[in-house]
Amino acid sequence: MSMTNNMLGIVEKDVDKAVESVQEYYNNIDSNIDNVIEQIEMMISNSTDDQIMKANIRDTIKPFAKQYSDKHKDLHGSISKIGKTIDKCFHADFGNVPIFELFDKPEKLKLIYMIICEDLYRQGRMSIAQQLIEETNLKDNELFNVEKKFLEEINMILENLREKNLVPALEWCQKKRNELDKAGSLLEFHLHKMRFVQLLQMGNFDEAKVYLSNLRQYSILNGRCEQAVNELMGAFIFAQRDLSKSPYKYLLEPHLWLQLSELFMQQAFQQVGLSQDSPLYVVMKIGFQALPALMSIVNAMQNTQVCHILSKDELPIEVDVGQEHRYHSVFACPILRQQTTDQNPPMKLVCGHVISKDALNKLSIQNKLKCPYCPLEQIPRDVLHRLLEGFQSNDTKKNLGDGQISTNQSALTPETKTSPVIGIGLDSCVLPLRHGGLVLVQSTDFFYPLIDDPYVMGKIACANVLSDIYAMGAIEIDNMLMLLSTSNKMSEKERDTIMPLILEGFKDCAEEAGTSVQGGQTVINPWLIVGGVATSICIPSEIIIPEHAVVGDVLVLTKPLGTQVAVNAHQWIENPDRWNRIKSVVTEDEVRKGYKRAMSSMARLNKTGGKLMHKYNAHACTDVTGFGLLGHAENLVKYQKNEVSFVIHNLPIIAKMATITKACNDMFSLLQGKSAETSGGLLVVLPHEQAAAFCKDIEAQEGYRAWIIGVVEKGDRTAKIVDKPRIIEVPEKDTEGELW
């Protein structure tokens, strides 16, 4: 990549020189022509002899003609140099890449003519398409699903949209309203929304008010677009002054018209079973994407003197063309190492593993089948005969009988497809890997320093990143990266003292977790930032998807709250104005001890809690960090499959921190569960009968307590803290010489 960038830089320099020369050339021409005109005007006014005047004009113009002729040669040389530089920097030998026999017969060439003709139809170039049909002896009925009248109508509407005329598009939507409603389309709403904005721009506020009322009624009846209608209501108010200077000025941006045209084209083609992109566009796009890889294959195989470099039917390696351009199953049987086909489809075993049909037949002995990956024995007829979910969309499948499924879809007419949603959107991403039976659990996090001990700060940053992985029940961390930004405001001595300590703390915490830091990124900017990336490769049974809470479960918290209050109160000791607010309810020694407790808690790993989640059958979990206890509880409860709510009754808080926050009128919102925590504990949803044993076990292993803080009730996926929660001081008794 760096070599390519260097080559592009060389070409860019030549282009810049050529552009500069051309600009200078025309500037000189303009200046000299003005001078010549002035001289000619003076000659005409002063001379009485025509012959003398002509001679003088000729003598004036002649030097310029020679000068421009010479300069033109120089310009030609500069422009020619660009082509030579490109040829020198980029060697593009495509000669061995094409497979010419693919199109060596008239019926094969016809395919090329057909997709070119369809593309012309899609662009509204009907006369050119008709000329191509005549020259290539095509017939209209040979084209791919093309209806000329339909395409003429669509192109007319798109042309009007480019001219910001919405009427034809709205009329088309009215004719197709039933079909659009069945598909759940919002096209007509977005067209009316744009019409409403037009009315505001024209100052036609009376009609806009009626329009807004109709849109509001649509939103109420259909239960959709409420947010968009509310935005339009705000725009209506500001438009009576100046919409372009209001918070809703984004409604006037030109790119919205382009998006509207694309949406219309997509919806229109879907109505007749065509893809939005033409086959020619898809073929050219995939070809350009694949060409560098094909050239690399050719060069590598030529160097090893391999014959038959590119086959008609397959390539020696897979060329990734993107998920949107996959039109058939790409599953390869892990047993036979063969890609599946319609005749040899993927077969899902009862245990969940997938093999090909041929492998299934080979492994079946006396009507019994033993999975090659697990000890489960099963009967072949119980195997699910179906393609893997996500390889194909439902509308591209057809039943072949006996439960098998095949595809009936032209590679030149791709259908709109939806990819399966993977990942959970909570603490970590959880992504299935290409290699069967494994998932990637990964998370990243970083923040600004919040304490004055750089070594402990490094440990806290590492523990904070790891907590996201532990919240998924993944215990073994395969790799860590460190993200570190040093401040350009630090002196060299400060940097050389502080940064190694942060690195050491991060590294030591990773080793405590049983992993190591294999790399990362260090930059310089105005702020000191520390964080990292944690990665775990797991089998599905090693993770706990946090979505199985049921009524009767309880909520357990593994670390006390109040780290934000403790850190801020410690800083206030040096700030008389702030310290005066709390000095009547707490001593300096109590604040310093609370600060040390907060550092100890934040630097402690959640690994034990994550491990015990498996032992005690946890139903869900998240770690408590920046959104506070209630914020993370609300996020977690939204992902539950069952209709439940979380109710929190107890708040374990670092000793004296509740007292401090009360003295400050709860400015940190600690008692409301909204105070930000750093590297907080795990909020675990456990079966009622397992929770006490979980808390006892974690205290036995770590020496630190965990608390049952709430219950899971039937509800509407919300979380709340009761009006007067019980405050649990941690520790309950302060012992001299002991932190906890």
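Residues numbered from 1 in each chain as written. Predicted model: local features only at pLDDT ≥ 70, side-chain atom pairs only at ≥ 80, totals over all residues. Heavy atoms only, no water.

By the naming in an unreviewed UniProt entry, the protein is Selenide, water dikinase, taken from Rotaria magnacalcarata. Per UniProt, the protein has the following entry under Subcellular location (unreviewed entry): "Cytoplasm". (UniProt positions renumbered as here; feature names shortened; annotations may be inferred.)

Within the protein one finds 22 helices and 17 strands. Looking at the protein as a whole, 41% of its 740 residues are labelled buried. The contacts of the protein with a sequence gap of at least 6 include a subset with a gap of at least 24, amounting to 71%. As presented, the protein carries roughly 41600 Å² of accessible surface, and 52% of it is formed by carbon and sulfur atoms. (Helix = DSSP H or I, 4+ residues; strand = E, 2+ residues; numbered from the N terminus. Buried < 20%, exposed > 50% of the residue type's maximum accessible area, 1.4 Å probe, protein only. Contact = heavy atoms within 4.5 Å. Areas by Shrake-Rupley, 256 points an atom, 1.4 Å probe, with all protein chains shown as cover.)

Below, the discussion takes up unusual backbone geometry. Pro731 follows Val730 through a cis peptide bond whose omega is 0 degrees. Among the secondary structure elements, Pro731 is positioned in the segment after strand S17 (719-730). One non-glycine residue with positive phi stands out, namely Lys164, at about 65 degrees. Mapping Lys164 onto the fold places it in the loop between helix H5 (148-162) and helix H6 (167-175). Lys164 sits in the partly exposed class, given a relative accessible area of 47%. Unusually for a residue other than glycine, Asn665 sits at a positive phi of about 55 degrees. On the accessibility criterion, Asn665 (68% relative accessible area) is exposed.

With that settled, consider the pairing of strand S10 (residues 517-525). Within a regular beta strand, the side chains point alternately toward one face of the sheet and then the other, so they alternate between its two faces. Strand direction decides the pairing type here: strand S9 (residues 479-487) and S10, joined by eight bridges, are parallel. Residue pairing across strands places Leu483 opposite Gln521, the latter belonging to S10. Each parallel crossover has a hand, and for S9 linked through helix H15 (residues 492-512) to S10 it is right-handed. (Pairing = 2+ DSSP bridges. Right-handed = clockwise from strand over helix to strand, strands pointing away.)

To continue, consider the packing of helix H16 (residues 563-572) against helix H18 (residues 588-603). Where H16 meets H18, the closest approach of the two axes is 8 Å, and the angle between their N-to-C directions is 135 degrees. As far as their axial angle goes, H18 and H16 are oblique. In this structure, H16 crosses over H18, and the sense of that crossing is left-handed. Counted together, Thr563, Ala566, Val567, Ala569 and His570 of H16 and Val591, Arg592, Gly594, Tyr595, Ala598 and Met602 of H18 form the full contact between these two elements. Among the residues forming the contact of H16 with H18, the class breakdown is seven nonpolar, three polar and one charged. (Axes fitted to C-alpha atoms, helices over the stretch in contact; angles between N-to-C directions. Parallel < 35°, antiparallel > 145°, perpendicular 65-115°, else oblique. Left-handed = near helix turned anticlockwise from the far one by under 90°. Nonpolar A, V, L, I, M, F, W, Y, C, P; charged D, E, K, R; others polar.)

Running from N to C, helix H8 (residues 187-202) and helix H9 (residues 205-222) cross one another at 155 degrees; their axes reach a closest spacing of 9 Å. As summarised for this structure, H8 and H9 are arranged roughly antiparallel, according to the angle between their axes. Note on packing geometry: the crossing formed by H8 with H9 is left-handed. Residues Phe189, His192, Arg195, Phe196, Leu199 and Leu200 of H8 touch H9, and the partners they reach there are Phe205, Glu207, Ala208, Tyr211, Leu212, Leu215 and Tyr218.

All right, on to the nonpolar core then. Counting 83 residues, the largest nonpolar core has Ile451, Leu466, Met480, Leu629 and Phe646 as its most contacted members. Here the element with the most residues in this core is helix H14 (residues 454-470); it accounts for 10 residues. Here this core spans two domains, since at least three of its residues come from each of domain 4 (429-538) and domain 5 (553-730). Setting aside residues no more than four positions away along its own chain, Leu466 makes contact with Ile477, Met480, Ala513, Ala534 and Leu605. Counting 49 residues, the second-largest nonpolar core is a separate cluster that includes Leu120, Leu138, Leu161 and Leu191. (Core = buried A, V, L, I, M, F, W, Y, C linked by side-chain atoms within 4.5 Å. Domains from an automatic or database assignment.)

Glancing now at the sheet that holds strand S7 (residues 429-432). Taken in spatial order, the five strands make up an open sheet running S7-S8-S11-S9-S10, and their pairing is mixed. Two strands in the sheet have a free side with no partner beyond their single neighbour: S7 and S10. Averaged over neighbouring strand pairs, the angle between their axes works out to 15 degrees when direction is ignored. The strands touched by H14 within the sheet are strand S8 (439-447), S9 and strand S11 (529-538), with S8 carrying the most contacts at an inclination of about 145 degrees. Across the face of the sheet, H15 comes into contact with S9, S10 and S11 while running at roughly 160 degrees to S9.

Let us now look at the sheet that holds strand S13 (residues 620-623). The strands that make up a sheet pair up through hydrogen bonds in the backbone, lying either parallel or antiparallel. Spatially, S13-S15-S12-S16-S14-S17 is the arrangement adopted by the six strands of the open sheet, whose pairing is mixed. Single-partner strands in this sheet number two, and they are S13 and S17. Taking the axes of each pair of neighbouring strands and ignoring which way they run, one obtains an average angle of 20 degrees across the sheet. Pairing analysis gives five bridges linking strand S14 (residues 644-654) to strand S16 (residues 707-714), with the strands arranged antiparallel. Looking at S16, one finds that Val647 is bridged to Val711.

Bringing H9 into the picture now. Spanning 18 residues, H9 covers 25 Å between terminal C-alpha atoms, matching the ideal 26 Å at 1.5 Å per step. Within H9, burial applies to Ala208, Tyr211, Leu212, Leu215 and Ser219. Viewed along the axis of H9, the buried residues span an arc of 105 degrees, placing them on a single side of the element. Turned more than 90 degrees away from the buried face of H9 sit Asp206, Lys209, Val210, Asn214, Ile220 and Leu221, all of them exposed. Buried residues along H9 sit in contact with H6, H8 and helix H10 (226-239). Directly after H9, the chain includes Gly223, whose backbone phi takes a positive value near 65 degrees. (Expected span 1.5 Å × (residues − 1). Arc of directions from axis to C-beta.)

The next point concerns a negative patch on the surface. The grouping of Glu12, Asp16, Glu20 and Glu24 at the surface amounts to a negative patch. Within the element layout of this structure, Glu20 appears in helix H1 (residues 2-46). Residue Glu20 is classed as exposed on the basis of its relative accessible area of 57%. (Patch = residues over 30% accessible without salt bridge, like charges linked within 9 Å, V, L, I, M, F, W, Y side chains within 5 Å. Salt bridge = Lys/Arg side-chain N within 4 Å of Asp/Glu carboxyl O. Lys, Arg positive; Asp, Glu negative; His and termini not counted. Charge placed at Lys NZ, Arg CZ, Asp CG, Glu CD.)

Each aromatic ring pair is described using two quantities: the centre-to-centre distance and the angle formed by the ring planes. Tallied over the entire structure, the rule returns eight aromatic pairs. Seen in terms of ring centroids, Tyr616 and Phe694 are 6.1 Å apart; in terms of plane orientation they differ by 80 degrees. Their pairing is edge-to-face. In this pair, Tyr616 sits in the loop between helix H19 (607-615) and S13 while Phe694 sits in helix H22 (residues 688-702), placing the two residues 78 residues apart along the sequence. In this pair, the class of Tyr616 matches that of Phe694, namely buried. An aromatic cluster is defined as three or more aromatic residues linked by ring pairs; in this entry it consists of Phe238, Tyr248 and Tyr250. Here the guanidinium or amino end of Arg604 rests over the ring plane of Tyr704, the centre of that ring lying 4.0 Å away. (Phe/Tyr/Trp six-rings, centres within 6.5 Å; stacked < 30°, edge-to-face > 60°. Lys NZ or Arg CZ within 6 Å of the ring centre and 35° of its normal.)

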